[in-house]
Amino acid sequence: MGCFLAAGLAVAQGVGWVEHEVDADFAGGVSVIAADLDMDLDLDLVAAAQNSHQLAWYENDGAGGFTKHQLASGYQGAHCVYAADMDRDSDPDLVTVAYIADDVSWWENDGGGGFARHVIASGFNSAMTVHAADVDGDSDVDVLGVAYEGHDLTWWENDGSQQWTEHLIEGSYWGAHYVWTADIDRDLDTDIVSAAYSVDEVTWWENDGSENWTRHAIDNALGGAHFTICPDLDHDQDQDVISAGYDSDDIVWYENSGGAFAKHVIDSSCDCPFSVWAADVDSDGDEDVLAAAIHANQIVWYENDGNQQFGRHLVCSYCPGAASVYAGDLDGDDDVDVVGAALQGGRVTWWENTPTGITERGALPTQRGGMVHTIFSGRTSLPAGIVAYDMSGRRVSGRLAPGIYHLTAGDGFGRKVVVR
């Protein structure tokens, strides 16, 4: 039986970051995501660069070391990339847009990280962003996109064999900038959430189940509405909305109540937020918010206290032209790392999450992937006042079997405790 906990715990809070360069030759980096492209059980990266017209993916060696593979070097105005299994062969394919080429394409993955391009649409005027989801409920993945100069919100119906039928949802969506999907009204079909920069509007489009759409303004006064995603931020089993107001410097979340939304400002001085993301950065069981502030040259994360009150922290204090932010476990150590792409800096960078561990008299710290864990040997009993949660967020009672846990002591959250 482990006896270390009986000696008492010193619990410290905090998340630190170690910066790792992925690519220093990526001029105009504007979009980056993570997905296991080569099916080797780690997260690779994919990025788009509008100035150098690049699409590239970066093969992860499992420990956060990356090898670059060029998908395209002349994809004019490459602007957005998204990963989904388009052909139902159990590997992630890619969908992309290029705003100079006016192109929407999907890239077929051969299962090992080799890709073949297939054009979905050309002439999509200033194609800005792309998304993929089963819009029509037929168990294949359709594609959605917005065209900035064309002011179009469009979806392309997949017939199951990757033949596409175009459906225009709205042809006067001025400054259409971003598109996402979620079942906003919980009626078991796919609704759409979007942002229109020129009219400062965040919108959700209600699907009647037959792909007829009713437009609802979530917010028509978010200055330069630029980016939007749909996590369940308050854990009430519906999809909320997080948006960035590029001109107003706002990071906002909208609390969903049956398709009606209450607006909550997270930050009103983010200095031109270009993108946002949501992930449990500090491993405390709630969703935190991340933002790329392009004029501030910063990557920021906002710590959720569990009641949607947010504290502001820096991931990177100087990331020139920070445009894209994403999160995932890049080094296989069971916490959330951050990756970003910089428009002016021309770089793809990831930041290793190095949370402050629980320190305890008699415990043995060990180093793995740049992170210090606290190790306890054998089944370990918890003293009074200490609560343990497993990696799925479930509270654990009694003795701790071998595994990874998070411990709270009332006044702080202990990071990454290992029982072996």
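Described below are features of the structure shown in this document.

Here is what the cut-offs are and how they apply
- Every chain's residues receive numbers from 1 upward, in the order its sequence appears when written.
- Only residues with pLDDT of at least 70 get local features here, since the model is predicted, and only at 80 or more are side-chain atom pairs given and counted; chain-wide, interface and lining totals rely on the full set of residues.
- Side-chain numbers here rest on the full set of heavy atoms in the structure, without hydrogens or water.
- Each helix is a run of DSSP H or I of at least 4 residues and each strand a run of E of at least 2, with the numbering of both proceeding from the N terminus.
- Exposure is judged per residue with a 1.4 Å probe applied to protein chains only, and the accessible area is read against the type maximum: over 50% gives exposed, under 20% gives buried, and values in between give partly exposed.
- As used in this structure description, the phrase polar contact means that two N or O atoms lie within 3.5 Å; if the pair is within protein, one of them must be able to donate a hydrogen and the other to accept it, and residues adjacent in sequence are counted only when both atoms belong to side chains.
- Contact definition: two residues touch when any of their heavy atoms are within 4.5 Å.
- When DSSP finds two or more bridges between two strands, those strands count as paired.
- A fitted line through C-alpha atoms serves as each axis, taken over the contacting stretch for helices, and the angle formed by two N-to-C directions is quoted from 0 to 180°.
- Just to be clear on terms, a salt bridge is a Lys or Arg side-chain nitrogen sitting within 4 Å of an Asp or Glu carboxyl oxygen.
- Any two rings among Phe, Tyr and Trp, with Trp reduced to its six-membered ring, count as a pair given centres within 6.5 Å; such a pair is stacked if its planes are under 30 degrees apart, edge-to-face if over 60, and tilted if neither.

Regarding the side chain of D23
Here D23 is to be found in strand β2 (residues 15–23). A relative accessible area of 7% places D23 in the buried class. From its side chain, D23 meets the backbone nitrogen of D25 in a polar contact 2.8 Å long. A distance of 2.7 Å separates a polar atom in the side chain of D23 from a polar atom in the side chain of Y58. Ignoring anything within four residues of it in the chain, the contact list for D23 reads Y58, K68, G346, R347 and V348.

Some words on the sheet that holds strand β17 (residues 201–207)
In space, the four strands of this open sheet follow the order β15-β16-β17-β18, with antiparallel pairing throughout. Strand pairing shows two members of the sheet lacking a second neighbour, β15 (176–182) and β18 (213–219), which therefore form its edges. On average, adjacent strands in this sheet sit at an angle of 25° to one another, irrespective of strand direction. The pairing of β15 with strand β16 (residues 191–196) spans six bridges and is classified as antiparallel. Opposite W180, over in β16, you have V193 as the bridge partner.

Topic: the sheet that holds strand β3 (residues 29–35)
An order of β3-β4-β5-β6 is seen for the four strands of this open sheet, with the pairing classed as antiparallel. Both outer strands of the open sheet, β3 and β6 (66–72), are each paired with one neighbouring strand and no more. Between one strand axis and the next, the sheet turns by 20° as a mean value, whatever way the strands run. Judged from the six bridges that link them, β3 and strand β4 (residues 44–49) form a sheet pairing that is antiparallel. Residue pairing across strands places A35 opposite D44, the latter belonging to β4.

Observations regarding the pattern of salt bridges
Counted according to the given criterion, the structure contains seven salt bridges. Here E21 makes a salt bridge to R347, at a shortest N to O gap of 2.5 Å. With a gap of 326 residues between them, E21 in strand β2 and R347 in strand β29 (residues 347–355) connect regions that are remote in the sequence. The salt bridge partner of K68 is D23, with a shortest N-O separation of 2.7 Å. Placement of K68 in strand β6 and of D23 in strand β2 is noted, with a sequence separation of 45 residues between them.

Regarding the packing of aromatic side chains
Each aromatic ring pair is specified by the distance between its two centres and by the angle formed by the two planes. With the rule as written, the count across this model stands at 14 aromatic pairs. Pairwise contacts between aromatic rings join Y82, Y178, W180, F227, W277 and Y326 into one cluster.

Concerning the pairing of strand β24 (residues 288–293)
Most of β24 sits inside the fold, with six of its six residues counted as buried. Burial of the side chains of β24 extends over both faces: D288, L290 and A292 are buried on one face and V289, A291 and A293 on the other. When β24 meets strand β25 (residues 298–304), the two strands line up antiparallel, connected through five bridges. Its bridge partner being in β25, L290 is matched across the sheet by W301. Connecting β24 to the antiparallel partner β25 that follows it, the hairpin turn spans four residues, and N297 within it adopts a positive phi of roughly 60°.

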